[in-house]
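Listed below are the residues making up each chain.
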Amino acid sequence: MTQTPHGSDPSDRLAPQDPRDATPSQYPVPADVPSGPVGGYPGSGAGSGTGVDTGAPVEKAPVEDTAVPRDKTPSTGTPEPVPAAPEPRQVTRAGMVWTAVASALVVLILLIIFILQNQVYVQVKFFGLEGAVPLGVALFIAAVGGGVLVAIAGAARIVQLRLATHRQRVRLAGQGTRTR
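Novice: Let's hear about the overall build of the protein: which residues, and what values?
Specialist: When helices and strands are counted, the protein shows two helices and two strands. Helices (α) and strands (β) of the protein occur, in sequence order from the N terminus, as α-β-β-α. Across the protein, every contact between residues at least 6 apart in sequence was considered, and the portion connecting residues at least 24 apart equals 5%.

Okay, structure coming up:
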């Protein structure tokens, strides 16, 4: 059988319905439970009304409802301007272009520094051609040549995928006209 403690039975007319209206004797606090302010805020326990360390009375501050924004000043009754919520940042094309340009400039500056620091001439042979070129320039030309090869391979794959998509659209369009 379950027992309902005194003060929480709704049919008990002698017990207060709101626990905040109860007297301390109705809800005894065990000795090992700290009472008084918690974290510097006045509490409602047995030690309410006194400071934690000194025992001095604690002044209770008026409680303000922060959930509802005030729209009128108490002295004049005129509406206060309610600050607008900050708008979320939107990613724009101009912002993306600016970021890309800034990143490219940083890479170019690093590349210029690399080329200037590697001015030692090296012998380069390519398909029977020979010549002396600064090391930084030779490596830059090699990197650009690799990038061109990757761009050609990527372009070929894009053309291949577009042709396959076009063929599929033509096939589906031809099937649609036959069924109707």
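Having seen the model, we can carry on.
Novice: Any details on unusual backbone geometry? Residues and values, ideally.
Specialist: A positive phi angle, close to 50 degrees, is found at Phe 127, a residue other than glycine. Among the structural elements, Phe 127 can be located in the loop between β1 (121–126) and β2 (129–134).

Novice: Residue-level account of the packing of aromatic side chains, with values.
Specialist: On inspection of all chains with the given rule, the structure shows one aromatic pair. Between Phe 126 and Phe 127, the aromatic rings sit 4.5 Å apart at their centres with planes inclined by 65 degrees, giving edge-to-face as the arrangement. For Phe 126, a relative accessible area of 53% corresponds to the exposed category. For Phe 127, a relative accessible area of 78% puts it in the exposed group.

Novice: Which residues make up the confidence of the model for the protein, and what values go with them?
Specialist: Across the protein, the average pLDDT comes to 74, with 54% of residues at or above 70. Looking at the elements of the protein, mean pLDDT is at its lowest for β1, recorded as 89, and at its highest for helix α1 (residues 93–117), recorded as 91. Segment residues 44–48: pLDDT under 50, and five contacts once partners within four positions in sequence are set aside and those in other chains are kept.

Novice: Would you mind going over the pairing of β2 in detail, with residue names and values included?
Specialist: Side-chain positions along a regular strand alternate between the two faces of the sheet. Here β1 runs beside β2; their pairing, made up of six bridges, is antiparallel. Note on β2: the bridge partner recorded for Lys 125 is Glu 130. Following β1, the chain reverses through two residues before pairing antiparallel with β2; Phe 127 in that reversal takes a positive phi of roughly 50 degrees.

Novice: An account of a nonpolar patch on the surface is requested, with residue identities and associated values reported.
Specialist: Residues Phe 140, Ile 141, Val 144, Val 148, Leu 149 and Ile 152 make up a contiguous nonpolar surface patch of about 560 Å² in total accessible area. One can find Val 144 in helix α2 (residues 135–179).

Novice: How would you sum up the environment of Leu 139? Please name residues and give values.
Specialist: Along the chain, the position of Leu 139 falls in helix α2. The class for Leu 139 is partly exposed, based on a relative accessible area of 43%. Between the C-alpha atom of Leu 139 and that of Asn 118, which follows or precedes it by 21 residues, the distance is 9.6 Å.

Thresholds, definitions, all that
Residues numbered from 1 in each chain as written. Predicted model: local features only at pLDDT ≥ 70, side-chain atom pairs only at ≥ 80, totals over all residues. Heavy atoms only, no water. Helix = DSSP H or I, 4+ residues; strand = E, 2+ residues; numbered from the N terminus. Contact = heavy atoms within 4.5 Å. Phe/Tyr/Trp six-rings, centres within 6.5 Å; stacked < 30°, edge-to-face > 60°. Buried < 20%, exposed > 50% of the residue type's maximum accessible area, 1.4 Å probe, protein only. pLDDT = per-residue confidence, 0-100. Pairing = 2+ DSSP bridges. Patch = residues over 30% accessible without salt bridge, like charges linked within 9 Å, V, L, I, M, F, W, Y side chains within 5 Å. Areas by Shrake-Rupley, 256 points an atom, 1.4 Å probe, with all protein chains shown as cover. Salt bridge = Lys/Arg side-chain N within 4 Å of Asp/Glu carboxyl O.

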